[in-house]
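Chain and residue survey
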Amino acid sequence: MALRTIIQRGEEREDWLRKRSRPVDKVDDRIKTIMDDMVETMREAKGAGLAAPQVGILRRMFVAEPEPGKLYYFINPEIISSEGARDSEEGCLSVPGYGGVVERPERITIKGLDREGKEQEYTFEGFYASVMCHEYDHLDGILYTDKAKAVQELDSDEEE
Ligand code: NI
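Procedures and definitions
Position labels on residues start from 1 in each chain and follow its written sequence. Thresholds applied to this predicted model are a pLDDT of at least 70 for local features of residues and 80 or more for the giving and counting of side-chain atom pairs; totals over whole chains, interfaces and linings are not thresholded and use all residues. Working from all heavy atoms in the structure, the side-chain values ignore hydrogens and water. UniProt positions are given in the numbering used here, feature names are shortened, and annotations may be inferred rather than shown by experiment. Note: two strands are recorded as paired if DSSP finds a minimum of 2 bridges between them. Strands here mean DSSP runs of E at least two residues long; helices mean DSSP runs of H or I at least four residues long; both are numbered from the N terminus. In this analysis, axes come from line fits to C-alpha atoms, helices being fitted only over the stretch in contact, and the angle between any two N-to-C directions falls in the range 0 to 180 degrees. Expected helix span is taken as 1.5 Å per residue step, with the number of steps being one fewer than the number of residues. Each residue is placed in one exposure class: buried if its accessible area under a 1.4 Å probe, protein chains only, is under 20% of its type's maximum, exposed if it is over 50%, and partly exposed if it falls in between. Throughout, a residue-residue contact means that at least one pair of heavy atoms, one from each residue, lies within 4.5 Å. As used in this structure description, the phrase polar contact means that two N or O atoms lie within 3.5 Å; if the pair is within protein, one of them must be able to donate a hydrogen and the other to accept it, and residues adjacent in sequence are counted only when both atoms belong to side chains. In this analysis a donor is any N, O or S atom within 2.8 Å of a metal ion (3.2 Å for sodium, potassium and calcium), and since water is not included, sites may seem incomplete.

Labelled according to an unreviewed UniProt entry, the chain appears under the name Peptide deformylase, originating from Candidatus Allocopromorpha excrementigallinarum. The UniProt entry for the chain carries the following text under Function (unreviewed entry): "Removes the formyl group from the N-terminal Met of newly synthesized proteins. Requires at least a dipeptide for an efficient rate of reaction. N-terminal L-methionine is a prerequisite for activity but the enzyme has broad specificity at other positions." Looking at the Catalytic activity (unreviewed entry) heading of the UniProt record, one finds this comment for the chain: "N-terminal N-formyl-L-methionyl-[peptide] + H2O = N-terminal L-methionyl-[peptide] + formate".

Structure follows, in structure tokens:
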């Protein structure tokens, strides 16, 4: 596995964060390697999720780890239902040093392929649902800062 460089807002490549990613045609070894690298990169950066466009790959896939050891892979995800609303405190590895509150669904059902290319479907609530929605948005070029009620600069001692 290898670490990938996370594209950040304000960089030359930031427009990659704004593109709509294309579906993955086939879950092959190359896709698996990218996903494994994304997991390593997410963990190194202490993030709860990471989407492929954030590492410069415009394909519809993301990894998420809302709690240590609870690791999910989503390829060609589709949110098939959502209900309720809650305020979600979020940050993004592509927007370091900032945080904000976004209204997200309380509960979602999401389906897609896993790392092995098998169909999976989950219902998530609360923080888990917010993480999945945040990563899903990246696949459509949407950042949480687009939806946030307010975005604040974090104290420098919180940034590490
Ligand atoms: Ni993000």
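Quick look at the sheet that holds strand β1 (residues 49-51)
The 5 strands are arranged β1-β2-β3-β6-β7 in an open sheet whose pairing can be described as antiparallel. The sheet terminates laterally at β1 and β7 (119-125), the two strands that pair on one side only. Within this sheet the neighbouring strands show an average axis-to-axis angle of 40°, counted without direction. Two strands pair when backbone bridges link them, and strand β2 (residues 61-64) and strand β3 (residues 72-83) are joined in this way by 4 bridges, in the antiparallel orientation.

As for helix α2 (residues 126-138)
Here α2 is 13 residues long and its end C-alpha atoms lie 19 Å apart, about the 18 Å a rise of 1.5 Å per residue gives. Counting buried residues in α2 gives 12 out of 13 residues, a clear majority hidden from the surface.

Concerning the UniProt feature "active site" (unreviewed entry) in the chain
The UniProt feature table records "active site" (unreviewed entry) at E135. Among the structural elements, E135 can be located in helix α2. Among the residues examined, E135 registers a relative accessible area of 4% and is labelled buried. Among all residues touching E135, those that are not within four sequence positions of it are G49, L50, A51, Q54, F62 and V63. Here L50 takes part through its backbone nitrogen, which lies 3.5 Å from a polar atom of the side chain of E135.

Description of the coordination of the nickel ion
The nickel ion binds to the protein through C92 (SG), H134 (NE2) and H138 (NE2), with metal-donor distances spanning 2.1 to 2.3 Å. Mapped onto the polypeptide sequence, the residues donating to the nickel ion form the spacing pattern C-x41-H-x3-H. Of this pair, C92 sits in the loop between β4 (86-90) and β5 (98-104) while H134 sits in helix α2, and the two are 42 residues apart along the sequence. Classification of C92 by relative accessible area gives buried; the value is 9%. The class of H134 is buried, set by a relative accessible area of 7%.

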